[in-house]
There are 2 protein chains.
Amino acid sequence: MIRFVTTNAGKYREASALLAAHGIEVEHFELLLPEVQADAIEDVAAYSMKVLAEEADFDFLVDDSGFFVDALKGFPGVYSSYVFRTIGIAGVLSLLEVVDKRQARFETVMGLRLGGETHMFRGVCRGTVTREARGLGGFGFDPIFVPDGQEKTFGEMSLEEKNAVSHRASAARQVAEFLKGR
Amino acid sequence: MIRFVTTNAGKYREASALLAAHGIEVEHFELLLPEVQADAIEDVAAYSMKVLAEEADFDFLVDDSGFFVDALKGFPGVYSSYVFRTIGIAGVLSLLEVVDKRQARFETVMGLRLGGETHMFRGVCRGTVTREARGLGGFGFDPIFVPDGQEKTFGEMSLEEKNAVSHRASAARQVAEFLKGR
């Protein structure tokens, strides 16, 4: 059994459903890992995994994610959780108030520790930032993000709808394919 | 000789002058320490020190600082450097555009590792956020911060003027007093 290490209930809810759909069961392991300050989520995930691997003799999966707004040079990026808790959705919308370039992306890196080896899987979902928040689903900046080719924000989607197109779905699919190939 | 560990030339410039004024010489040790994601700079400093202490058998000093805006729940806080590099001064001013509550503070925590023991010293400088950037001195958010009781921004001050009133000066003074007491 692989332990999914996170304190974020929303992440676990999405990832466990995604992996279960591929026949992979994970167990929620609620542990706050040290997250390093870095510009790329790969670096954050790699560092957390290194620290945990020094202590843990079991297989585990971590999920580091971020919301990157092109016009803001990638802000809030790896610090999305902190930015959400401080200036919030209103703050990000205000930074974009006179900005027409609305492109953004969500990124997830899933880091898998299996039998002492480390593997990384990256999922990206591109889209645009809305002018106002819509919907109460998902978590974080989901209510202001519409994936390319969609009309609803992540916040307006059901778990199933979001899981059909999200960055986390893409990373989880790669994890599942890798595990099936072993 | 104590090594001052930072990749930030501005920090070293200020801190070395401050400590020299108290008769304490430090050597610039340019090393990028892992900085953990945390809300309080004490936690960031403590983590960096722990990691370095595992490797280093010499005495060292680290300086973790942040700019905390009251109306933004402390944002940008410990992530000031990242926020400066992304949304920048213009971004922070725009978040405060319709905000009348302008109180903010700079905080520095200096962490001293001496003979295998760890000591922390905290300096705070309270003030207000200006409506526009003024001055080219200092670094980071200095051009939009006026310390209480002053008229110039940190950006408009000379190194000596800033060092007379800054958060870093307060922390350095405590470090110096501690070292003299040994």
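Here the structure is shown first, and the text comes after it.
No experiment lies behind these values; they were computed from the predicted model shown.

We now examine the pairing of strand β1 (residues 2-5) of chain B. Residues in a regular strand project their side chains so that they alternate between the two faces of the sheet. Residues and elements named next belong to chain B. Pairing of β1 with strand β2 (residues 26-29) involves 4 bridges; the strand directions are parallel. By the bridge assignment, valine 5 is partnered in β2 with phenylalanine 29. Handedness of the crossover joining β1 and β2 through helix α1 (residues 9-21): right-handed. The pairing of β1 with strand β3 (residues 60-69) spans 3 bridges and is parallel. Bridge pairing links phenylalanine 4 to leucine 61 in β3.

A word on the interface of chain B and chain A. For interface size, the figure often reported is the accessible area lost on association. Residue-level contacts link 16 residues of chain B with 16 residues of chain A. Among the elements that make up the side of chain B that touches chain A, the one with the highest residue count is helix α4 (residues 88-95) of chain B (3 residues). For the side of chain B that touches chain A, the class distribution of residues is 9 nonpolar, 5 polar and 2 charged.

We now examine helix α6 (residues 167-180) of chain A. Residues and elements named next belong to chain A. With 14 residues, α6 extends 20 Å from end C-alpha to end C-alpha; this agrees with the ideal 20 Å at 1.5 Å per step. Looking only at α6, the buried set comprises His167, Arg168, Ala169, Ala171, Ala172 and Val175. Lining the buried residues of α6 we find α1 (9-21), β3 (60-69), β5 (103-114), β6 (117-129) and α5 (159-165).

Residues spaced three or four apart along an α-helix point in a common direction, a consequence of the helix completing one turn every 3.6 residues. Regarding α4(B), the residues found buried are Gly91(B), Val92(B) and Leu95(B). Projection of α4(B) onto a plane perpendicular to its axis shows the buried side chains occupying an angular sector of 95°, all on one side. At its buried positions, α4(B) is contacted by α4 (88-95) of chain A together with β4 (76-77) of chain B.

Thresholds applied
- Residues numbered from 1 in each chain as written.
- Chains lettered and ligands numbered in written order.
- Predicted model: local features only at pLDDT ≥ 70, side-chain atom pairs only at ≥ 80, totals over all residues.
- Pairing = 2+ DSSP bridges.
- Helix = DSSP H or I, 4+ residues; strand = E, 2+ residues; numbered from the N terminus.
- Right-handed = clockwise from strand over helix to strand, strands pointing away.
- Contact = placed C-beta atoms within 7 Å.
- Nonpolar A, V, L, I, M, F, W, Y, C, P; charged D, E, K, R; others polar.
- Expected span 1.5 Å × (residues − 1).
- Buried ≥ 20, exposed ≤ 12 C-beta atoms within 10 Å, placed from the backbone.
- Arc of directions from axis to C-beta.

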